[in-house]
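Architecture at a glance
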Amino acid sequence: MWLPCILVLCVLQLTTRAQGDDAESAASTIRCANPDGIKNGAIILSDGLNVGSVLWYSCDQGYYPYPVFSRTCENDGQWTKLTRSASCREILCPKPLNFDYGDFLPRASTYPINSTLTFECYDGYNLRGSAERTCMANGKWSGTTAICDNRAGHCPNPGIPIGGRKMGERYQIDEKVSYLCSRGLDLVGSTERVCLESGEWTGTEPSCESKYSFDLPEDVQAQFRSSATNVRDLLNPFLKKKENLGRKVVIKKNGTLNIYILVDGSRSVLEETFLEFKEAVRFFVSSFSSFEVNAHFAIISYASTVKKVVEIYNDNSDKSAEIFNEIDKNMNYEDHKGKSGTNIPLALKTVYEMMVLQKERVEGNRRGSWDDIRHVIVLLTDGKTNMGGRPKDDIDKITRFLNIEPSRKDYLDVYAIGIGQDVDMTELSDIASKKPDERHVFKLKSAEDLKNSFDEMLSVKEIGDMCGLSSTSEDNNKRQNYPWHVKIKVLTSTCSGSLVTNQWVLTSAHCFIHGDGSPLDTSAATVSVGTGDLNSHQIAKYFTHPCFNVTRLKADNLEDYDYDIALVKLNNPFTFTELIRPICIPCTHSTNRALKMPPAKSNCAEHKHKLLTSSEMPVKFVSVKNDQNEIRTFTLMLDNKRDSCANGILQWGSFQKDHIPKIMRPRYLCTEGDKGYSTCKGESGGAVYITKTFRNYQLGAISWGVYDACKKDKERRPPPKNNLVPRDFHISLFEVQPWLKYHLNADLPFLDDVEARRECPEH
């Protein structure tokens, strides 16, 4: 099987200044003296007073350490020398040097936090960007570069970053401009840009940044998400592309995303920071795994040497659960204990070697083309490499190997994210990609900011109609945990339901009838999301299954809930957001993509095999008691367990033995209440679902149960003295596929092997 790859290289590394492994051993008994503190700040030691320990200076908000951010305990037992005493200085924003075709005010010698700059253009020139910018607490100016332009050139005026100079005044095809920053500022972005025939400039807009400045998590989230979304969308052949999509090249169907994650384990990495990075890696894996791309992962930890935690050509490199097992088992803080080197080049060489081997396998299998492979590199570091050469040389080697020319620029993305204060932004900028309207290099203040950034980097806000996505972050709105769940209100009765498209809701048929089987008046019926009946839509029409007849067993004094399922069409569609999204239902093409099953070989039976995995399996539903929605679990009983579940209803005394074959129909999924919990009135029609590979799949719709927990006690369970286990019954979606396809196929395409049918199969 060929494995096209996008390379996402996450290098999580904290740098050190120690002298090497041999010297460490010889100096194991030498210790440095307690260092002096720093006014308006504090110090942090990575390894106490031992040789190789890094001393980090931390200043109060609004200040930065000077003249250095860190010092190292050397082999002679001395801390790295200082040119002057360490102190905390006030954070200032860069000073403008010049502004083409306009003026700025005020002209001051320094610009402390909360200072404001205003920009005006001369007559005949129009202002682009921010007319007013404020110095923020992170040492950066708010807003975007102010530019005065009369559009006389083929390309627009590329502007001048605050604190920098631009060389070149001609903006015609093939003309170049170059940039320099003031002394003490790092140039981040492109040092040179060329005007293209398309009217765009090559490269990325530059900025001049102080060594103490940093990005806010929300800035990283927005910029990274924008670029990563472009990469992801290119890999999703089913997503409708927008006209203004930044990327123009679309790869072939079923392309693979290969993600290389490199984690530094050298001595300067604090254990708690290392654990935070592990969680960030897990989150990154889980996020990309939930998208409709074929994602493979490699994870490498390193210091002066390299450890391969997960290899890209491992058979399980696309299975998040297996990757998590390898991370837990093989990615440990002790792996590189005592190894002080930070050898990014060696880590990159390991990636290059993996790519070479993978290319041989792809071409050997003669399936697909190596040239279809896309690659992304994300480098996270709080310093710079201190051995092995220049990382830029290894990135250049990878670039040549992948044949990344202007026409193939979208086949490689390199991101560089610095963590902490002692970051060499010039080195990171050299490594990072430089693409128009995208930013690939960032600097975060702490590992905690990295986690906060990752929580939102791969947002579900703008990913079309992908089904089954949810978020379980503790910081999120609870609604994001079950964005498909809706409340249906008909007269004074309420039911639950699930969005399967933006205009169709799946629920129970009995929600629309009186006890005698006569239909309810639905002229004022509504479907709403969230609590308080907010964001409601009226029902345009509804369809109950033609086999549903609650009075069929009236002679036995029983109600019959066989085929208790209905579809509701809304008068207006919902707009999908992170709070309103569809759930995946079996035997559809969208679920097939979510399961990452090959379209040509998939059928409904394979979906059933994938989703119904054991005779006793945990499934979930949304409890709605008192509008306090919570996710509850119970156990789905299949195969040989099904009869015991059905017979268990006799314990409740409301049923006789000869009732069982009459009410236990093949359409039912039977569940036992987990810890005694069961469903309540008002939860009918809600989804019975499982979570698999970070997507949610509906297996059934809640129909009826032997016990209404909401009527009894506050704990939603039977009195403990009875020791009874509730049974609930739900309509299996696998048993009503023809009817579902008949109504939904135009909006939600089903697999070809499902026959669309409207009539009742029993008549």
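Cut-off values and rules
Residues numbered from 1 in each chain as written. Predicted model: local features only at pLDDT ≥ 70, side-chain atom pairs only at ≥ 80, totals over all residues. Heavy atoms only, no water. Disulfide = S-S within 2.5 Å. Helix = DSSP H or I, 4+ residues; strand = E, 2+ residues; numbered from the N terminus. Buried < 20%, exposed > 50% of the residue type's maximum accessible area, 1.4 Å probe, protein only. Phe/Tyr/Trp six-rings, centres within 6.5 Å; stacked < 30°, edge-to-face > 60°. Polar contact = N/O pair within 3.5 Å; in protein donor to acceptor, adjacent residues only side chain to side chain. Contact = heavy atoms within 4.5 Å. Arc of directions from axis to C-beta. Pairing = 2+ DSSP bridges. Axes fitted to C-alpha atoms, helices over the stretch in contact; angles between N-to-C directions. Parallel < 35°, antiparallel > 145°, perpendicular 65-115°, else oblique. Left-handed = near helix turned anticlockwise from the far one by under 90°. Nonpolar A, V, L, I, M, F, W, Y, C, P; charged D, E, K, R; others polar.

**Quick notes on the state of the cysteines**
Counting across every chain of the model gives 10 disulfides. Sulfur-sulfur distance for the disulfide between Cys-59 and Cys-88 comes to 2.1 Å. Across the S-S bond linking Cys-59 and Cys-88, the dihedral sits near -85°, which makes this disulfide left-handed. Residue Cys-59 is found in strand E3 (residues 54–59), and its partner Cys-88 is found in strand E6 (residues 87–90); the two are separated by 29 residues along the sequence. You can call Cys-59 buried: its relative accessible area is 13%. The side chain of Cys-547 participates in a disulfide bridge whose partner is Cys-760; the two sulfur atoms lie 1.7 Å from each other.

**Some remarks on the packing of aromatic side chains**
One pass over the full model with this rule turns up 16 aromatic pairs. Measuring from centroid to centroid gives 3.9 Å for Tyr-64 and Tyr-212, while their planes differ by 20°, and the two rings are stacked. Pair noted here: Tyr-64 is in strand E4 (residues 63–66) and Tyr-212 is in the loop between strand E16 (207–210) and helix H2 (217–234), with a separation of 148 residues, a long-range link. For the pair formed by Tyr-64 and Tyr-212, the shared burial category is buried.

**Topic: the side chain of Gln-698**
As for its placement among the helices and strands, Gln-698 is situated in strand E33 (residues 695–705). Of the polar contacts made by the side chain of Gln-698, one reaches the side chain of Ser-498; its length is 2.7 Å. When sequence neighbours within four positions are dropped, the list of residues in contact with Gln-698 reads Ser-498, Leu-506, Ile-583, Cys-584, Ile-585, Pro-586, Gly-686, Ala-687, Val-688, Tyr-689 and Leu-733.

**Structural notes on helix H6 (residues 391–401)**
Turning to H6, its buried residues number three or more, namely Pro-391, Asp-394, Ile-395, Ile-398 and Phe-401. Along H6, the residues classed as buried sweep out an arc of 120° about the axis, all on the same side. Each element contacted by the buried residues of H6 is listed here: helix H5 (344–365), strand E20 (375–381), strand E21 (412–419) and helix H7 (425–431).

**Some points on the sheet that holds strand E5 (residues 70–72)**
The strand order across the open sheet formed by three strands is E2-E3-E5, and the pairing between neighbours is antiparallel. The open sheet has two edge strands with one neighbour each: strand E2 (41–45) and E5. Going across the sheet, the axis of each strand differs from the next one's by a mean of 20°, ignoring polarity. Two strands pair when backbone bridges link them, and E2 and E3 are joined in this way by five bridges, in the antiparallel orientation. Along E3, the bridge assignment pairs Leu-45 with Leu-55.

**Some remarks on the environment of Phe-543**
Residue position: Phe-543 is located in strand E27 (residues 536–544). The exposure class assigned to Phe-543 is partly exposed, which follows from its relative accessible area of 23%. Taking C-alpha positions, Phe-543 is 8.7 Å from Ile-565, a pair spaced 22 residues apart along the chain. Excluding residues that lie within four positions of it along the chain, Phe-543 makes contacts with Trp-504, Ile-565, Ala-566, Leu-567, Trp-739 and His-743.

**Remarks on unusual backbone geometry**
Omega for the bond connecting Tyr-66 with Pro-67 falls within 30 degrees of zero, at 10°, which places this linkage in the cis form. Note that Pro-67 resides in the loop between E4 and E5. Cis geometry marks the peptide bond from Leu-105 to Pro-106; its omega dihedral reads -5°. Relative to the helices and strands, Pro-106 is located in the loop between strand E7 (102–105) and strand E8 (116–121). A positive phi is found at Asn-114, a non-glycine position, where the angle reads about 80°. Mapped onto the secondary structure, Asn-114 falls in the loop between E7 and E8.

**Side note on the packing of H5 against H6**
Closest axis-to-axis distance for the H5/H6 pair is 8 Å, and the angle between their directions is 10°. Viewed along their axes, H5 and H6 adopt a mutual orientation that is roughly parallel. Like other packed secondary-structure pairs, H5 and H6 cross with a definite hand, here left-handed. Contacts from Ile-344, Pro-345, Leu-348, Lys-349, Tyr-352, Met-355, Val-356 and Lys-359 in H5 reach Pro-391, Asp-394, Ile-395, Lys-397, Ile-398 and Phe-401 in H6. Partitioned by chemical class, the residues of the contact of H5 with H6 number 10 nonpolar, no polar and four charged.

**Things to note about the pairing of strand E17 (residues 256–264)**
For E17, the tally of buried residues reaches nine of nine residues, placing the bulk of the element in the interior. With nine bridges joining them, E17 and strand E18 (residues 294–302) adopt parallel strand pairing. Looking across to E18, one finds that Thr-256 is bridged to Asn-294.

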